[in-house]
Structure formats: structure tokens, C-alpha cells
Amino acid sequence: MLNEEAPHLLEKREKKERRVGLPELKNAEKGNVVLRFAPNPNGPMSFGHARGIVINGEYAKEWDGELILRFDDTDTVVKPPLVSAYKDIETEAGWLLGYAPHRVVIASDQIPHYYEHAEQMLKAGFGYVCRCSGEAFKVFRVDKTECPCRGNSTETNMNLWGKMLDGTFKPGDAVVRVKTDMTLKNPALRDWPALRMQDTANHPHPRPEIGSTYRVWPLLDFQSAVEDHLQGVTHIIRGKDLMDSTRKQTLLYEHFGWEYPETMYWGRVKVHEWGGFSTSQMRRDIEAGHFTGWDDPRLPTLAALQRRGITAEALRAFWIELGVTQKDISVPLTTLFSHNTKQIDDEAPRLAFIRSPQQFNLTGEHPSSVSVDVHPNHEEQGKRTFDLTSPAIWIEQDDSAKGELRLKGFADVTLTGTDAAVQSIDRQDNRPIVHWLSDAQSTPGTLILADDGELLELNGQMEDHAYPVGTMVQLERIGYGRVLSPTVILFSHS
RNA sequence: GGCCCGUUCGUCUAGGGGUUAGGACGCCAGGUUUUCAUCCUGGUAGCAGGGGUUCAAAUCCCCUACGGGCUACCA
């Protein structure tokens, strides 16, 4: 009866299930999904790029689809590509994804295709060569009036196009525009520029195989639109700053008679601990020697994060959790670190590092050696043994001020002068438990930490170990770090 | 100036007409632990503001405020 009177009351219940993971991909067909991630290779990737790779990559995996890594390297003057970045980005993408991108496309290799489509556009009459300056055209755009070039005949357009190609025109003399409608409500869409000329004689494309070969280059909206069609992209997921780009490209797709892919957008992300870093600025700062390189731990690059020991799994979990909301957000790095802790803690061997080490001499009755677990939750990882036949031990200065201490895993001691008198091997009271080292099993070492824009090198006493470079360890009572050498550890996070 | 997008616990996120508004991080309390780690248990706290539609609004509409973006011969 309820079913007849008020069916909606019964239907509601199942809608309450909470979604886990990424939202549903609209109009997706298993095995027939093509996504792409399209960075400008003007430097290695930074934290924000990871979102593009992770989100697109996860959808590709989920739908048995393909992920295209596309280098949008069509500017040689304002944001010139960095030759080494192509390879770096591809490697980093593979690391982050856990699989190699299915296809790699380099826009600068595709120029002939873009020319073909530009000519097709000119011949079909939905594009024209515009000889107005940028400033002059801005007036037309604001006033909703058509520029005189808009009325060019096909012959005129083809003639002018030829002059762009053969170098009769110089950069700034002419651009190819897509005819939309100068009265469109959104000024950003009015007869937008599709191709322009670049001074590749003085600003050759950094890829030697391209160099100064082309004078005419497509702009992002045109290049991306044509390439997405050529590659059969079905879904575009990118930042919402490109929303108007979608609208421009949709107008072009209508001219060509193509169907525009499904789109999704994410909002702007700021990381509380990092201000605004731009790839171009980082590149200048590195070249000026302000940073040690792209993997300088102070930098928000993927290389730096990887060097610090942030795992690809943690990065993926982090971005998947943020999803694809269009909200502009500001997230703390601690969220990423929390994901990372979950990834590494179970494996990370424990190690002692004594900051501001003070040496004491053990006195009183005690065993000649003591063993503690490599990992408290995993006995199978073995023991660390400290030889105590020689009395020298190390304790952190801050701890030594406390006077009465429990040396972790060993004994209760009382500090007097430079003596550490063993009072009891068993724990007798609730005095503070501190980490310590025997002089015999330790050497001077360094803990490097990136703190508030500074690179600090903390010297101290490092427990001897044979872990290979790259091992993530947990420094007792300090936090996680990555082994850079037997005596140097790069602090990761607490 | 024009146009576009957004606003749910401190932070991030789920939910998109009827929910005790769920989860994660953080924080607090307790437990395990010879690390201020990990792990477990519990607690804390939220629908930007104002109108409207509706029996019913966090959810739909309008306005305002705030945040972000585009309007480049950058991507």
C-alpha cells in the first residue's frame, strides 16, 4: 500500500550509501575510455601536477582505458620547454601511476597536423587570418564589433596564411582566429586566437629535432582541441581554470563537426606550507643557485617529495581523497604525511639519532651488551645490539638535563657529571624513557631537514646501520627519514 | 568592466528534497607499547548570510557577501 501511495518513501533508503573513491565517470564504457594528462615540460612536475596524473590515471585503470601523456610544448618564448623535463616527467608519471602511460604524444611533433586543420578551417571559412594587433583586437572584443579581417575571402586568408608560413610576416604581424561570434556573452570566447607566429630564429624550440623548423605555432586551445580529437580522447579532467577553454574548444568542435569529450574539473589547490611556486620561478631560482636542484627538499616538486620518501601510494591516496571537486582549497601537508606514515611505518626500521649528543660513561653493574627490536611490532625484523664493554654512551642534551632517565630497552640511570650510573636494569619507576646510543655502535652523522625555507643540517650521533640509500627509517622519538648515506638521513616528516 | 566556477565540522570530503548530516586528518581523553612512533576505543566540532518554492530545503530558485579563474600572439 505504501508502495502505491508514496513509493518515494521506499526508494530513498538505497541512495544513502556513501560513495568511496572517485566519482562516477559519465558516459564511460569499459575498455573504451581515453584520458590524457597534458603538462608543459618547462620543468619537472610539481605537487599540483600529481593531481592530474593520479586522477586521470586512476580513471584509466578503473575503466580499462588508456592514459595519454601529452607534452604541450608549443611555446618557445614565454614558457620554453626544458629538454630534460620530457624524460623526467615520463619517469615521474610512471612512478606515480604504478604503470607507464599508454601513449606519449609530443605536441611539437604534431605541427603538420595542426597546420592541416588550420588550413581546413581557413578553407571552410570558420577561421581567418587577423592582422590586427592584440591591443587593437581587444577593442573589438570589448565592443562586440567585428575586426575588418573577419571578412577576408578564402583566397585572401590562404594568401596571408602562406605569408605566415614562409616568413614574410613576422611574429606579431598576424594570427589565425577561430570565427565564433563577436556578440557572445562571454568575451573570452569571441573570435579566439588559434595560431600565432614565434621568433624561433632567436628562440628556437629546445628540442633539437624541432629547433627553428616552424614559425607558426598553435596556441593551447587549438592544439589541445585538435590533438584530443586525433587521439580519440573521451574524457577530459583538468583544472577549472580551463573551463572557458572547454567552451572555446566546443565552438571549434562544432565547426569541425566533432563531438566534444566529457569534461570534469577540479578547483585550485594551495598547500598551506608552500606559498605560490611557479615552475618558471623555480627554474630561475635553481639556475641562480638558490636551491640545490629540482629535488631540493624545500621545493614542492615531485622529485623532492620522492627524495624525501613520500611514496607514490601516499600521493595517490591523498589526491583520490580530494577527488574532483570544483572547490578552491588549501590543504596542510600533514594530511599527505599521515597517508605516508600509513604506508611506511610497518616497514621502517627503527634507528637512533642523538641530537646535540652528550657523552656519558656507564658505571655500575650492567650486561656487556643489550639488544632491542629493529621494529617493535615485527620481531622478525631482528635485533639491534649495543656493545657496552666500553662505557661511552650518548644521550641528547635536552634529555640529559632531566638527571634520572630510563635508557630505552636497557636500564634506569642517574646522571652525575659525566657519569651515568646504572641503578636498575628493570624499570623501577616512571622516569622518562629516552633513546640513547653506545659509542661503539655509532658515528657522527647528519640529519638534514627542510624547515621553513631553510635547509638545516643537524649534526649528531648516528646509529650504525647498513641500510641502502633510499631506505625509509624511523628515527626514534624524532620521525621518519630517508637514508641518503650511512651517516646522512633526510628528514621526511614526524 | 564583462563572463565563468565555487562556499557542509579547524582542514579535506560524503550526501543533492524527509539523514541521529557520515568519514578522514587535526585536536582532546583513555588503552596497548621500555619511542613524544604505530595500533585500538571514545569524544570534539559543520550545511556563508538573506529571501523564495515546498507539507518538508544542507539539497531546488533568486539576491548578497566572500574565494578562485578566464577575458594572452602563456600553458
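Thresholds applied
Residues numbered from 1 in each chain as written. Chains lettered and ligands numbered in written order. Predicted model: local features only at pLDDT ≥ 70, side-chain atom pairs only at ≥ 80, totals over all residues. Heavy atoms only, no water. Domains from an automatic or database assignment. Contact = heavy atoms within 4.5 Å. Salt bridge = Lys/Arg side-chain N within 4 Å of Asp/Glu carboxyl O. Polar contact = N/O pair within 3.5 Å; in protein donor to acceptor, adjacent residues only side chain to side chain. Helix = DSSP H or I, 4+ residues; strand = E, 2+ residues; numbered from the N terminus. Nonpolar A, V, L, I, M, F, W, Y, C, P; charged D, E, K, R; others polar. Pairing = 2+ DSSP bridges. Axes fitted to C-alpha atoms, helices over the stretch in contact; angles between N-to-C directions. pLDDT = per-residue confidence, 0-100. Near = heavy atom within 4 Å. Phe/Tyr/Trp six-rings, centres within 6.5 Å; stacked < 30°, edge-to-face > 60°. Buried < 20%, exposed > 50% of the residue type's maximum accessible area, 1.4 Å probe, protein only. Lys NZ or Arg CZ within 6 Å of the ring centre and 35° of its normal. Core = buried A, V, L, I, M, F, W, Y, C linked by side-chain atoms within 4.5 Å.

J.: Help me understand the domain arrangement of chain A, please; the structure alone is not making it clear to me.
T.: Accessible area lost upon the coming together of the parts serves often as the stated size of an interface. Looking at the assigned domains, one finds that chain A contains domain 1 (26-109 + 220-266), domain 2 (111-217), domain 3 (270-344) and domain 4 (350-493). Counting from both sides, the interface comprises 30 residues of domain 1 and, opposite them, 28 residues of domain 3. Taken together, the links from domain 1 to domain 3 amount to 1 salt bridge. Close ionic contact of Lys-240 with Asp-328 constitutes a salt bridge, the shortest N to O distance being 3.3 Å. On the surface where domain 1 and domain 3 come into contact, there are 8 residue pairs in polar contact (both at pLDDT 80 or more). Counting only elements with at least two residues in the side of domain 1 that touches domain 3, the list comes to α3 (47-62), α4 (83-97) and β9 (262-266). Across the side of domain 1 that touches domain 3, the residue classes break down as 18 nonpolar, 6 polar and 6 charged.

J.: Looking at this model, I keep getting lost on the sheet that holds strand β5 (residues 175-178). Mind explaining?
T.: Hydrogen bonds between backbone groups are what pair the strands of a sheet, and the pairing can be parallel or antiparallel. What the 4 strands build is an open sheet, ordered β4-β5-β6-β7; its pairing is antiparallel. Every other strand in the sheet has two partners, leaving β4 (127-130) and β7 (216-218) as the edge strands with one partner each. Neighbour-to-neighbour, the strand axes of the sheet open up by a mean angle of 25°, direction not taken into account. Pairing between strand β6 (residues 193-197) and β7: 3 bridges, direction antiparallel. If you follow Arg-196 over to β7, its bridge partner there is Trp-217.

J.: Before we go on, may I ask you to explain the confidence of the model for chain A in this structure?
T.: As a general rule, the predicted coordinates of low-pLDDT regions are not to be interpreted in detail. Here chain A shows a mean pLDDT of 92. Residues at 70 or above account for 96%. Within the model, pLDDT remains below 50 along residues 1-15, and this stretch shows 4 contacts once partners closer than five positions in the same chain are excluded.

J.: In this structure, what is going on with the protein's contact with RNA strand B? I would like to understand it.
T.: In the vicinity of RNA strand B lie 60 residues, with Lys-79, Arg-141, Lys-327, Arg-406 and Arg-477 positioned nearest. Backbone sugar and phosphate groups make up 71% of those atoms of RNA strand B lying within 4 Å of the protein. Between RNA strand B and Thr-74 there is a distance of 2.8 Å, counted from a phosphate oxygen to a side-chain nitrogen or oxygen. Taking Asn-377, its side chain carries an N or O atom lying 3.3 Å from a base oxygen of RNA strand B.

J.: Even after reading the chapter, I still don't get the packing of aromatic side chains, so can you show me in this structure?
T.: In this description, a pair of aromatic rings is defined by centroid distance and the angle of the planes. Inspection of every chain in the model, using the stated rule, returns 15 aromatic pairs. Where Phe-47 meets Trp-319, the ring centres are 5.0 Å apart and the plane angle is 45°; that geometry is what we call tilted. Linking Phe-47 in helix α3 with Trp-319 in helix α12 (residues 312-322), this pair joins segments that are 272 residues apart in sequence. For the pair Phe-47 and Trp-319, a shared accessibility class is recorded, and that class is buried. Feature note: the residues Phe-126, Tyr-253, Phe-256, Trp-258 and Tyr-260 constitute an aromatic cluster, connected by ring pairs. Positioned over the ring face of Phe-137 is Arg-177, at 3.4 Å from the centre of the ring. We note Arg-207 situated over the ring of Tyr-86; from NZ or CZ to the ring centre the distance is 5.7 Å.

J.: Just to check I follow, could you spell out the sheet that holds strand β21 (residues 433-434) for this structure?
T.: Pairing within the open sheet is mixed, and its 7 strands lie in the order β21-β18-β19-β20-β14-β17-β22. Strands at the two margins of the open sheet, each flanked by one partner only, are β21 and β22 (436-438). When strand β14 (residues 357-363) meets strand β17 (residues 392-396), the two strands line up antiparallel, connected through 5 bridges. Pairing of Gln-359 across the sheet is with Trp-394, part of β17.

J.: Could you clarify how one ought to interpret the nonpolar core in this entry?
T.: One broad rule of soluble globular proteins: the nonpolar side chains tend to lie buried together. Core analysis: the biggest nonpolar cluster contains 50 residues, and Phe-47, Tyr-59, Leu-96 and Ile-237 have the highest contact counts within it. Among the elements that take part in this core, α3 stands out by supplying 7 residues, more than any other. When sequence neighbours within four positions are dropped, the list of residues in contact with Ile-237 reads Leu-25, Leu-35, Ile-55, Asn-56, Tyr-59, Met-264, Trp-266 and Val-324. Met-121, Phe-126, Val-178 and Tyr-253 belong to the second-largest nonpolar core, a separate cluster that totals 37 residues.

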